[in-house]
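# Structural description and commentary
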Amino acid sequence: MTNILLAFLGVCSGLLAARILGPAGRGELAAIQTSPVFIAVLAMLGMPEALAYYVAKNPEKIGEYLTSGVFVVLAMAVTFVVAGYYGMPYILKSQNAEVIYAARTYLFVIFIYALIGLPHGVLRGLGDYNAWNLIRPLPALLWIMVLVVLGWIYKSHDPISFAYSYLIILTAIGWPLTWMVVRKRIYGKLKFRPHLLRPLLKYGLPSVGAGLPQALNMRLPLIIMAAFLPARDLGLYVVAVAWSGAAMPLTSAVAMVAMPHMARSDSARQWRDMIRIARGGAGISVGLGIVFAISTPWALPWLFGRQYMSAVLPALILTLGAVFLGWNQIIEECIRGLNCPNKVLLAELLGMLVMNMLLYVWMKPLGIKGAALATLAGYGAVSVVLSIYLTKFKKLLISGRTAVGAGNESC
């Protein structure tokens, strides 16, 4: 239900931003936010996933794991900020100087991600989904607040003002409220334990390695468009992405609880649990994809405005891609719960390779339609690899050779 709420909030915020800013302004806002947010995902070093896994296995050490994870991310954040600052003019070379400067400033989001994202991993590991679902909608609600206040009340059409205001409100309200909720669930003291850094990084770095091609598969077309295409084309594609993403709330919900569930499951039940989750996720993903595909041609221009009519075909293609993406996320979280993040990395790397090749071939002649087709092909390639993995894990799990507690030997 929280994922449905988040999907609804995502559509509402996308609709507001699209109507307030128009295609060109929406494209500039995407250029400001996309690359810094992608860098922030990398800067987490896989700590949210590592915390979810180790807290699920050792809940008595929750305070020590959380403090150690925050220390690692904040210590490395400066490096990512500096790299992003000097790289932004190259990443956004087709954008104007004001947009580039705003994107550099938006890199501060890396620190906010550390303070908001890591507590989420702890709550997942604890299985405290009531508290987790309480704080998850907070960033989306704050973003809608920014859009309403600046766009509707003050009639602003400046994408830079929207980006800066969101950073301020996340800092002033977002992370304090998140920690207020999480701190009540942490028993014991918040202590930094150097000896925990190695297992956290050993699990987290392969996870962020797997997350890198996954994040690229989701954001690479936007990043390339920001570098080579006008802001208007970027704005149209952002709307198509926002619409197709609304088809994934239930599959994302299953994926988010799959990893800690598999980590806690004993070897006798792991295969049964994994295949049940996979089948249920596939049914949900396909059903939602059909509903959204049927409604896209009339619902998208009705909601976002006739000026976004050119986004309908890319949205249809991306809706099909969302079917594959939703199922991929579920299977990948199950595999992470078996302590095999390296398998996820290999699948996502293949998907990234396929997408990169097709982006190079299709984006110039086909524009945003080519980017959508390349994205679909990348997601489909990942699905093929994950299906092959399922057959391998079936033999291993049924025979009792589980990856959990086996030092990754089964991987």
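Remember, it's a predicted structure, so these values are computed and weren't measured experimentally.

## So, the nonpolar core
Core analysis: the largest hydrophobic core is formed by 112 residues, its most contacted members being Leu 66, Phe 162 and Leu 300. The element best represented in this core is helix α1 (residues 2–43), accounting for 18 residues. Leu 300 has contacts with Val 239, Trp 243, Ser 295, Gly 305, Tyr 308, Ala 311, Val 312 and Ala 315, leaving out every residue within four places of it along the chain. Membership of the second largest hydrophobic core comes to 21 residues, among which are Met 262, Ala 278, Cys 334 and Cys 340.

## Some remarks on the packing of aromatic side chains
All chains considered together, the criterion is met by eleven aromatic pairs. Aromatic side chains Phe 108 and Phe 111 sit 5.8 Å apart centroid to centroid with 40 degrees between the ring planes, which places their arrangement in the tilted category. Here Phe 111 falls in the partly exposed class, since its relative accessible area comes to 24%. In this structure, Arg 104 is placed above the aromatic ring of Tyr 85, and the distance from its NZ or CZ to the ring centre is 4.0 Å. Sitting over the face of the ring of Trp 132, Arg 136 holds its NZ or CZ atom 4.4 Å from the ring centroid.

## Describing the packing of α1 against helix α3 (residues 62–91)
The N-to-C vectors of α1 and α3 enclose an angle of 150 degrees; their axes lie 10 Å apart at closest approach. As judged from the angle between their axes, α1 and α3 are roughly antiparallel. Once α1 is placed against α3, the crossing between them reads as right-handed. Every residue of α3 that contacts α1 at Ser 35, Pro 36, Ile 39, Leu 42 and Ala 43 is listed here: Val 73, Phe 80, Gly 84, Met 88 and Ile 91. Of the residues belonging to the contact of α1 with α3, the class tally is eight nonpolar, two polar and no charged.

## Section: α1
The end-to-end C-alpha separation of α1 is 26 Å, well short of the 62 Å expected for 42 residues at 1.5 Å each. Where α1 bends most, at Gly 22, the angle is about 115 degrees, and the proline Pro 23 comes one to four residues later. Across the 42 residues that make up α1, a large majority, 32, are buried.

## Observations regarding the pattern of salt bridges
In this structure the tally under the stated criterion is five salt bridges. The closest approach of N and O atoms between Arg 193 and Glu 64, which form a salt bridge, is 3.5 Å. On the criterion of sequence distance, the pair formed by Arg 193 in the loop between α8 (159–183) and α9 (197–228) and Glu 64 in helix α3 is long-range, its members being 129 residues apart. Overall, Arg 193 belongs to the partly exposed group, its relative accessible area being 28%. Several salt bridges share partner residues, and in doing so they unite Arg 124, Glu 333 and Arg 336 into one network.

## So, the confidence of the model for the protein chain
The share of residues in the protein chain with pLDDT of 70 or more is 91%, and the mean pLDDT across the chain is 84. For the protein chain, the element scoring lowest by mean pLDDT is α9, at 74; helix α4 (residues 97–105) scores highest, at 95. Every residue in residues 402–409 scores below 50 in pLDDT, and together they form 18 contacts with partners more than four places removed in sequence or on other chains.

## Some details on the side chain of Arg 26
As for its position among the elements, Arg 26 is in helix α1. Glu 28 is the oppositely charged side chain nearest to the buried, salt-bridge-free Arg 26, at an N-O distance of 10 Å. If we ignore the near neighbours within four places in the chain, the residues touching Arg 26 are Ala 17, Ala 18, Leu 21, Gly 235, Val 238 and Tyr 308.

Rules used throughout
Residues numbered from 1 in each chain as written. Predicted model: local features only at pLDDT ≥ 70, side-chain atom pairs only at ≥ 80, totals over all residues. Heavy atoms only, no water. Core = buried A, V, L, I, M, F, W, Y, C linked by side-chain atoms within 4.5 Å. Buried < 20%, exposed > 50% of the residue type's maximum accessible area, 1.4 Å probe, protein only. Helix = DSSP H or I, 4+ residues; strand = E, 2+ residues; numbered from the N terminus. Contact = heavy atoms within 4.5 Å. Phe/Tyr/Trp six-rings, centres within 6.5 Å; stacked < 30°, edge-to-face > 60°. Lys NZ or Arg CZ within 6 Å of the ring centre and 35° of its normal. Axes fitted to C-alpha atoms, helices over the stretch in contact; angles between N-to-C directions. Parallel < 35°, antiparallel > 145°, perpendicular 65-115°, else oblique. Left-handed = near helix turned anticlockwise from the far one by under 90°. Nonpolar A, V, L, I, M, F, W, Y, C, P; charged D, E, K, R; others polar. Expected span 1.5 Å × (residues − 1). Bend = angle between axes of the 7 residues up to and from the residue. Salt bridge = Lys/Arg side-chain N within 4 Å of Asp/Glu carboxyl O. pLDDT = per-residue confidence, 0-100. Lys, Arg positive; Asp, Glu negative; His and termini not counted.

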